[in-house]
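Now for the letters of each chain:
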Amino acid sequence: MKHLPSERHTLSILVDNEAGVLARIVGLFSARGYNIDSLTVADVSGDHAVSRITVVTNGPPPVIEQIIAQLDRIVPVHRVLDLTALGPHVEREMALVKVAGKGAQRDEALRIADIFRARPVDTTTGSFVFEVSGPTSKVDQFIALMREVGLVEVARTGVVAIARGAEAV
Amino acid sequence: MSAELTGAEIVVQALTDLGVEVIFGYPGGAVLPIYDALFAQGRIRHILVRHEQAAVHAAEGYARSSGKVGVVLVTSGPGATNAVTGITDALMDSIPLVVLTGQVPTHLIGTDAFQECDTVGITRHCSKHNYLVQDTARLGGVIHEAFYIARSGRPGPVVIDIPKDVQILKARYEKPGVIGHKTYKPQVKGNLSSIEAAVEMIAAAERPIFYTGGGIINSGPVATQLLRELARVTGAPVTSTLMGLGTMPNEHPQFLGMLGMHGSYEANMAMNRCDLMVCLGARFDDRVTGRLDAFSPNSKKIHVDIDRSSLNKTVRVDLGILGDVGGVMEDMLKVWKARGKKAGDLEQWWSDIAGWRARDSFGFEQKGETLLPQHAIKRLYEMTKAQKPIISTEVGQHQMWAAQHFGFDAPNKWLTSGGLGTMGYGLPAAIGAQVANPGALCIDIAGEASIQMNIQELGTASQYNLPVKIFIINNQYMGMVRQWQELNHGSRYSHSYSESLPDFVKLGEAYGWKGIVIDSASGLDEGIAAMLAHDGPVIVDCRVSKLANCFPMIPSGASHVDMILHADETRGEADEDAKALV
Ligand SMILES: Cc1ncc(C[n+]2csc(CCOP(=O)(O)OP(=O)(O)O)c2C)c(N)n1
Ligand SMILES: [Mg+2]
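Residues numbered from 1 in each chain as written. Chains lettered and ligands numbered in written order. Predicted model: local features only at pLDDT ≥ 70, side-chain atom pairs only at ≥ 80, totals over all residues. Heavy atoms only, no water.

### A few points about the overall build of chain A
Convention followed: Under the DSSP-based scheme used, a helix requires at least four consecutive residues in state H or I and a strand at least two consecutive residues in state E, with every element numbered from the N terminus. Each residue gets one of three labels from its accessible area relative to the maximum for its type: buried under 20%, exposed over 50%, partly exposed in between, using a 1.4 Å probe on protein chains only. Any two residues whose heavy atoms approach within 4.5 Å at even a single point are treated as in contact. Values of accessible area rely on a 1.4 Å probe in the Shrake-Rupley scheme; residue burial ignores everything except the protein chains shown.
Summing up its helical and strand segments, chain A has five helices and nine strands in all. With the principal axes as the frame, chain A shows a C-alpha extent of 55 × 45 × 30 Å. When each of the 169 residues of chain A is scored for burial, the buried share is 42%. Long-range contacts, defined here as pairs at least 24 residues apart, represent 71% of the contacts in chain A between residues at least 6 apart. Only carbon and sulfur atoms are counted for the fraction: they give 54% of the accessible area of chain A, which is about 8,700 Å².

Below is the structure:
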């Protein structure tokens, strides 16, 4: 079963906002040998009652099915949604990208940032910090280009995602 | 409005309201307020064990033999960590427990205080759920919720960690009404159209088999009756996992015995050759399936389970039905009758099975005075079966021989550590079963190595006048380890000899037990009779053949058809892949 080709899936997990719930989720992945490509978590309710955890994972389809079933049996989990399987959804992540350089390198960095609609959020005479957001592939691409013009360091949020359309899931 | 109670009083009151009659525990600084509250009341009986691991196994034995939730009370730090093996055992075997642990006061949490440990962290992945209660006002509700979670859905252990200040502060407590949970809602009722499809598949099968497990026992006694009825109307053979023994009567003509690594030849062959497998409350454990890619290659598979994550976990099935196995079998029978189904023509199938049965894979021949372990267990069965005993075991060869040669006719009579395989389980489990069933004959079939892992519990049985019996199959080896060394590691018996064994008779006597030695085939019946005649606890040191191996056996990583039936078929040295398997 584990020899089938891997797929990337974005899971949205709605959990009760109680102590230890993130440890339960993360611990499940490590205990059972599942992959986490990215993970985000934040309170999404007006009353601090519910958090949404977005996990990007990969594995063959039966493993993805197991991950969802295993997550679903954790007591404080309300719902697990496989956004990838559910269909059209939006995925975004944000990165803060620090580049250092002078002269032409600096101009080039700004030009690329412009194309990617990345905003400089911090500037010194020798550096920029750009804020870039978009699908993972766009952020990856931006960082790859910045590598050539003086990339210093990167901080990324990981993916957040939501289904398209008017309804809540 | 109710008066305010201390947290400790709330614990006792909530347990009382939940109908708890017994708790198994061990005191310490962080639970003294609860012990004080227990002291002041007369409704809940407290059984003082000698080690916290044993408290949990005793609660498991209590739960499994009675169908009730087992309750444990231990202190913080070492009390909690000692309980971890038992909690894990209960998780693996789906046993409903509530484990109350003391914790250092909330203001000291995180400071490496005396006897502080991160109990919720440590038990997070070996419990079904756990709580750290930081507010006395929440304590009562948490306890009620914990019982609901422990016993509903797939049962399991729930841990409640209670800091000492929470036990001392006061709050109002009210017995809650119907317990629900906002996120935890196990699906109990099986999908009807799936059940109808299952019935059609069963009726159409030419070589069906029911593969049944501990889920049927967990579902309650009615499920056992439903299984027997299902077997009757369909005429299909039934095999059971280690955990499910007792749901089909041992002597029933449709029962093929246990399947799996040390299961019967007929059960494993039938699993391999069937055209329809109906798995009821079992989970395709590796001890059952053997090599996965060779597991029952030509069958359609139906799987009924209360735990969604068990469906399609290791074996892909054609039809998964999520729900309580008892309810699903009831619906199956209704549909079967409503649609006027009749048992199919299974003559050819039964004749194949008869051929496999004729191999007599559990057969053995007791010759001479050296006792064969199989014979000892068989005679123990024959001499006690009229009393419908409750049998627990330790882990090893004796456990498998007990499963093979001790016949069970009813559920809740067989207590063995299946999933975790915990040596030291059997004695405390027998104690727990005896507490739940005061008049019953409770016997721990033990190995001389395993029994030493919780031997201190001899004292618990003495203290409470529990007449449990320990029947040690003493082969002077960690027999199961030695068997694997013989089969896979060139008979290099590295550290598997039980050196420096105690004199079990004297050891028993030191605790006020009766001790008996059986050391010959001709003395066996007399020894068993003497054990049964004594109305207090008895430890029997039954010395058996040292080098007997447990067969039949599917070697790790082999398929059902590659079963070793006799000792002369073994290899002696395994290749690296096989050595790596457990
Ligand atoms: C706590 C624990 N430690 C180690 C093992 C590994 N183990 C499995 S069976 C066994 C030997 C048991 O020996 P004994 O109790 O004498 O039983 P026998 O196999 O001889 O019947 C061991 C060490 C285990 N199952 N549990
Ligand atoms: Mg032994």
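Alright, that's what it looks like, and here's the rest.
### Topic: the interface of chain B and chain A
For the record, the criterion: Here the quantity called buried area is the accessible surface, traced with a 1.4 Å probe, that two parts lose on coming together, added over both. What makes a salt bridge here is a side-chain nitrogen of Lys or Arg within 4 Å of a carboxyl oxygen of Asp or Glu, nothing more. The definition of a polar contact used here is a pair of N or O atoms within 3.5 Å, where within protein one atom must be able to donate a hydrogen and the other to accept one, and adjacent residues in sequence count solely through side-chain atom pairs.
Contacts between chain B and chain A engage 19 residues on the former and 20 residues on the latter. For the chain B face of the interface with chain A, the top three residues by lost area are Arg124, Thr183 and Arg308 of chain B, together amounting to 32%. The residue Asp307 of chain B makes a salt bridge to Arg73 of chain A at a minimum N-O spacing of 2.6 Å. Summed over the shared surface of chain B and chain A, the number is nine residue pairs in polar contact (both at pLDDT 80 or more).

### What about helix α16 (residues 397–405) of chain B?
Across the nine residues that make up α16 of chain B, a large majority, nine, are buried. For α16 of chain B, the complete set of buried residues consists of Gln397, His398, Gln399, Met400, Trp401, Ala402, Ala403, Gln404 and His405 of chain B.

### Concerning the domain arrangement of chain B
Residues and elements named next belong to chain B. Worth spelling out the cut-off: A domain assignment, automatic or from a database, supplies the domain bounds used here. Residue classes follow a fixed rule: Ala, Val, Leu, Ile, Met, Phe, Trp, Tyr, Cys and Pro count as nonpolar, while Asp, Glu, Lys and Arg count as charged, and any other residue, Gly among them, counts as polar.
For chain B, the domain assignment lists domain 1 (4–172), domain 2 (192–357) and domain 3 (373–550). Between the C-alpha centres of domain 1 and domain 2 there is a distance of 37 Å. Tallying the contact residues gives seven residues for domain 1 and six residues for domain 2. Carbon and sulfur atoms make up 49% of the area that domain 1 and domain 2 hide from each other, which totals about 580 Å². Taken as a group, Arg64, Asp93 and Arg154 account for 61% of the area that domain 1 buries against domain 2, more than any other trio of residues on that side. At the boundary of domain 1 and domain 2, one finds one salt bridge. At the junction of domain 1 with domain 2, the criterion picks out two residue pairs in polar contact (both at pLDDT 80 or more). Here the side of domain 1 that touches domain 2 is composed, by residue class, of two nonpolar, two polar and three charged.

### Regarding the environment of Gly103 of chain A
Here Gly103 of chain A is to be found in the loop between β5 (89–100) and α4 (104–115). Measuring from C-alpha to C-alpha, the distance between Gly103 of chain A and Gly126 of chain A comes to 9.2 Å, with 23 residues separating the pair along the chain.

### Considerations on the coordination of the magnesium ion (ligand 2)
In an ideal octahedron of six donors the angles at the metal are 90 or 180 degrees, and in an ideal tetrahedron of four donors they are 109.5 degrees. Residue and element names in this part refer to chain B. The test is simple: Think of the donor list as every N, O and S atom within 2.8 Å of the metal, or within 3.2 Å for Na, K and Ca; water never makes the list, so a site can look incomplete. Irregular is the label for any site that misses the other tests, which are tetrahedral for four donors with all angles between 85 and 135 degrees, and square planar for four donors or octahedral for six when opposite donors exceed 155 degrees and the remaining angles lie between 65 and 115.
Every protein donor of the magnesium ion (ligand 2) is listed here as Glu448 (OE), Glu448 (OE), Asn475 (OD1) and Tyr477 (O), and their distances to the metal cover 2.1 to 2.7 Å. Bound by six donor atoms, the magnesium ion (ligand 2) shows angles of 51 to 174 degrees at the metal and therefore irregular coordination geometry. For the magnesium ion (ligand 2), the donor residues sit on a single chain with the sequence spacing E-x26-N-x1-Y. Placement of the pair is Glu448 in the loop between β17 (442–447) and α18 (458–463) and Tyr477 in the loop between β18 (469–474) and α19 (479–488), with a sequence separation of 29 residues. Among the residues examined, Glu448 registers a relative accessible area of 1% and is labelled buried.

### Some details on the site of ligand 1
Residues and elements named next belong to chain B. Under the convention used in this document: Here a residue is considered near a molecule or strand provided that any single heavy atom belonging to it is located within 4 Å of it.
Taken together, 17 residues lie near ligand 1, and Gln397, Gly421, Ser450, Tyr477 and Gly479 sit nearest. Contact between ligand 1 and Glu448: an oxygen atom at 3.1 Å from a side-chain N or O atom of the residue. One of the backbone N or O atoms of Gly479 is found 2.6 Å from an oxygen atom in ligand 1. In the complex, 77% of the free accessible area of ligand 1, which totals 590 Å², lies under the protein chains.

### Some points on unusual backbone geometry
Residue and element names in this part refer to chain B. The residue after Phe551, namely Pro552, is reached through a cis peptide bond having omega -5 degrees. Of note, the phi angle at Asn412 is positive, near 65 degrees, even though the residue is not glycine. One non-glycine residue, Asn465, lies in the positive phi region at around 50 degrees. Mapped onto the elements, Asn465 comes out in the loop between α18 and β18.

### A short note on the confidence of the model for chain B
Selection rule: As a per-residue quantity, pLDDT reports the predictor's confidence and falls between 0 and 100.
Residues at a pLDDT of 70 or more form 99% of chain B, whose mean pLDDT is 96. With a pTM of 0.97, the predicted complex shows an ipTM of 0.93.

### As for the pattern of salt bridges
Residues and elements named next belong to chain B. Within this structure, the stated rule accounts for 28 salt bridges over all chains. Linking Glu382 and Arg379 is a salt bridge whose minimum nitrogen-to-oxygen distance equals 2.6 Å. Placement of the pair is Glu382 and Arg379 together in helix α15 (residues 373–384), with a separation of three residues, close to one helical turn. Owing to a relative accessible area of 36%, Glu382 belongs among the partly exposed residues under this scheme. Sharing partners across several salt bridges, the network here consists of Glu196, Glu200, Arg339 and Lys341.

### Some words on the sheet that holds strand β13 (residues 300–305) of chain B
Residue and element names in this part refer to chain B. Formally: Pairing between strands is defined by DSSP: at least two bridges between them are needed. Where helices are involved, their axes are fitted lines through C-alpha atoms of the stretch in contact, as for all axes, and angles between N-to-C directions lie from 0 to 180°.
Strand order in the open sheet formed by six strands is β11-β10-β9-β12-β13-β14, and the pairing between neighbours is parallel. The outermost strands of the open sheet, each flanked by one partner alone, are β11 (255–258) and β14 (319–322). Direction aside, the axes of adjacent strands within the sheet are offset by 15 degrees on average. In this structure, strand β9 (residues 208–212) lies alongside strand β12 (residues 276–280), joined through five bridges in parallel fashion.

### Let's talk about the UniProt feature "domain: ACT" (unreviewed entry) in chain A
In plain terms, the rule: UniProt positions are given in the numbering used here, feature names are shortened, and annotations may be inferred rather than shown by experiment.
When the UniProt feature table is mapped to this numbering, "domain: ACT" (unreviewed entry) covers residues 10–88 of chain A. Secondary structure content for residues 10–88 of chain A is 34% helix and 37% strand, while the C-alpha to C-alpha distance between its ends is 12 Å.

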